[in-house]
Amino acid sequence: MFELDQRVLFAFLLTLAAGLCTGLGSLLGLLSRRFSPRVLTLSLSFSAGVMIYVSFVEIFPKARQALSLGLGPATGYAATVLAFFAGMLLIALIDHSLPSHNLALTENDPSGARSRTLLRTGLFSALAIGIHNFPEGLATFVGALSSPRLGIGIAIAIAIHNIPEGLAISAPVYFATGSRSKAFWVSFASGLAEPIGAVVGYGFLRSFLNDTVMGVVFASVAGLMVYICLDELLPAAQRTGAHHHLMIAGVTAGMVVMSISLVLLA
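As the structure is a prediction and not an experimental result, all values here were calculated from the model.

(A) Expanded view of the overall build of the chain. Across its full length, the chain holds 9 helices and 0 strands. Across the chain, helices and strands are ordered from the amino to the carboxyl terminus as α-α-α-α-α-α-α-α-α. Counting only residues that meet the buried cut, the chain has 50% of its 266 residues in that class. In the chain, the share of contacts with a sequence separation of at least 24, taken over all contacts with a separation of at least 6, comes to 87%. For the chain, the computed accessible surface area is about 12300 Å², with 68% contributed by carbon and sulfur atoms.

(B) Region of interest: helix H8 (residues 211-239). The terminal C-alpha atoms of H8 lie 41 Å apart, and with 29 residues this matches the ideal 42 Å at 1.5 Å per residue to within 8%. At Cys229, H8 is deflected by roughly 40 degrees, the largest bend along its length. Here H8 lies mainly inside the structure; 21 of its 29 residues are buried.

(C) Seen up close, the pattern of salt bridges. As enumerated under the stated definition, the model contains 1 salt bridge in all. With a shortest N-O distance of 2.5 Å, Arg149 and Glu58 are connected by a salt bridge. Here the residue Arg149 occupies a position in helix H5 (residues 148-177), and Glu58 occupies one in helix H2 (residues 37-71), the gap between them amounting to 91 residues. The partly exposed category is assigned to Arg149, whose relative accessible area is 28%.

(D) Focus on the nonpolar core. Counting 54 residues, the largest nonpolar core has Met51, Ile59, Phe218, Met225 and Leu233 as the members making the most contacts within it. Considering every element that reaches this core, the biggest residue donor is H8, with 17 residues. Setting aside residues up to four positions removed in sequence, Phe218 forms contacts with Ile59, Lys62, Ala63, Val142, Gly143, Ser146 and Leu150.

(E) Inspection of the packing of helix H3 (residues 73-97) against H8 at higher detail. Viewed as axis vectors pointing N to C, H3 and H8 meet at an angle of 50 degrees, and their least axial separation amounts to 7 Å. Between H3 and H8, the interaxial angle falls into the category oblique. As for the relative orientation of H3 and H8, their crossing is right-handed in sense. Here Thr80, Ala83, Phe84, Gly87, Met88, Ile91, Ala92, Asp95 and His96 of H3 lie close against H8, whose contacting residues are Val216, Ala219, Ser220, Ala222, Gly223, Leu224, Val226, Tyr227, Ile228, Asp231 and Glu232.

(F) Layout of helix H7 (residues 193-205). Here H7 spans 18 Å end to end across 13 residues, near enough to the 18 Å set by a 1.5 Å rise per residue. Buried within H7 we find Ala193, Glu194, Pro195, Gly197, Ala198, Gly201, Tyr202 and Leu205.

(G) Structural context of the packing of helix H6 (residues 180-191) against H7. Between H6 and H7, the shortest axis-to-axis distance is 4 Å and the interhelical angle comes to 25 degrees. Judged by the inter-axis angle, H6 sits roughly parallel to H7. Residue-level inspection shows Ala189, Ser190 and Gly191 of H6 in contact with H7, the latter providing Ala193, Glu194 and Pro195. Class assignment of the residues belonging to the contact of H6 with H7 gives a composition of 3 nonpolar, 2 polar and 1 charged.

(H) Structural view of a nonpolar patch on the surface. A contiguous nonpolar patch, built from Phe134, Ile196, Val200 and Phe204 and spanning about 390 Å² of accessible area, is present on the exposed surface. Examining the composition of the nonpolar patch, we find that 3 residues originate from one element, H7, more than from any other. Take Val200: it is sitting in helix H7. Since its relative accessible area comes to 35%, Val200 is described here as partly exposed.

(I) Here's a closer look at the environment of Ala63. Mapped onto the elements of the fold, Ala63 is located in helix H2. Residue classification places Ala63 among the buried positions, given a relative accessible area of 0%. Residues Ala63 and Thr212 lie 149 residues apart in sequence; the distance between their C-alpha atoms is 8.7 Å. Beyond its immediate stretch of four places on either side in the chain, Ala63 contacts Thr80, Gly215, Phe218 and Ala219.

(J) Main features of the side chain of Ser45. Secondary-structure assignment places Ser45 in helix H2. Of the residues examined, Ser45 reaches a relative accessible area of 0% and is grouped as buried. There is a polar contact of 3.3 Å between the side chain of Ser45 and the backbone oxygen of Met247. When residues no more than four places from it in sequence are discounted, the contact partners of Ser45 are Leu234, Ala237, Leu246, Met247, Gly250 and Val251.

What counts, and where the lines are drawn
- Residues numbered from 1 in each chain as written.
- Predicted model: local features only at pLDDT ≥ 70, side-chain atom pairs only at ≥ 80, totals over all residues.
- Heavy atoms only, no water.
- Helix = DSSP H or I, 4+ residues; strand = E, 2+ residues; numbered from the N terminus.
- Buried < 20%, exposed > 50% of the residue type's maximum accessible area, 1.4 Å probe, protein only.
- Contact = heavy atoms within 4.5 Å.
- Areas by Shrake-Rupley, 256 points an atom, 1.4 Å probe, with all protein chains shown as cover.
- Expected span 1.5 Å × (residues − 1).
- Bend = angle between axes of the 7 residues up to and from the residue.
- Salt bridge = Lys/Arg side-chain N within 4 Å of Asp/Glu carboxyl O.
- Core = buried A, V, L, I, M, F, W, Y, C linked by side-chain atoms within 4.5 Å.
- Axes fitted to C-alpha atoms, helices over the stretch in contact; angles between N-to-C directions.
- Parallel < 35°, antiparallel > 145°, perpendicular 65-115°, else oblique.
- Left-handed = near helix turned anticlockwise from the far one by under 90°.
- Nonpolar A, V, L, I, M, F, W, Y, C, P; charged D, E, K, R; others polar.
- Patch = residues over 30% accessible without salt bridge, like charges linked within 9 Å, V, L, I, M, F, W, Y side chains within 5 Å.
- Polar contact = N/O pair within 3.5 Å; in protein donor to acceptor, adjacent residues only side chain to side chain.

These values are about where atoms sit, not about what they do.
Here's what the structure looks like:
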């Protein structure tokens, strides 16, 4: 029982740390005196590289392994593919049901404006990103329960991509209100959706967690993360106006860093 409690605590703290990186991104944006599209391009594409790599190299094989144990090799592989695309479909439906939010900012964005439109953009961004963070928190938590190495890999990927999300939330709120504290706390609250998602999701799943359920969760999360990269992170990096080669460099760097992290954790 003590061992289980330690695993649950570790998984929760890992999820909390990943979620709080939204606040870290907010702080970095609020403390910088000048916005740099090149830095944002690199951070967004780096995040995409990390998430794509960990989804296909770490999470998808783990899902296939778990589902093969529960359903057999052939059926398990088919179920993994179906769950992967189901994850993409689910996050797409969530995305289309939410108010639109623009993850990228440019140098032409107004500085110091007191616009209601900007405030609305920031608050809707916080809502949309917070809902996105909910299943990500469950993914980190369940991954850490299954394997500390897998949980840390997922947490690193999500933490890195939460940083530019924090900037995307705090910048319009700050420009609209002129208050750094309001901008930070709105961003911080959005990040708390991850540990909340972990606790709520675990509460529903813990009574019937088995290889099949874990495999479906992992495969769905892999699909969810790939969708976020293709639909949000990479288009946002392109919208900053920086050269596309810089974006490719960021994606590659993210994959390299993630691969080194996973090798060191092996």
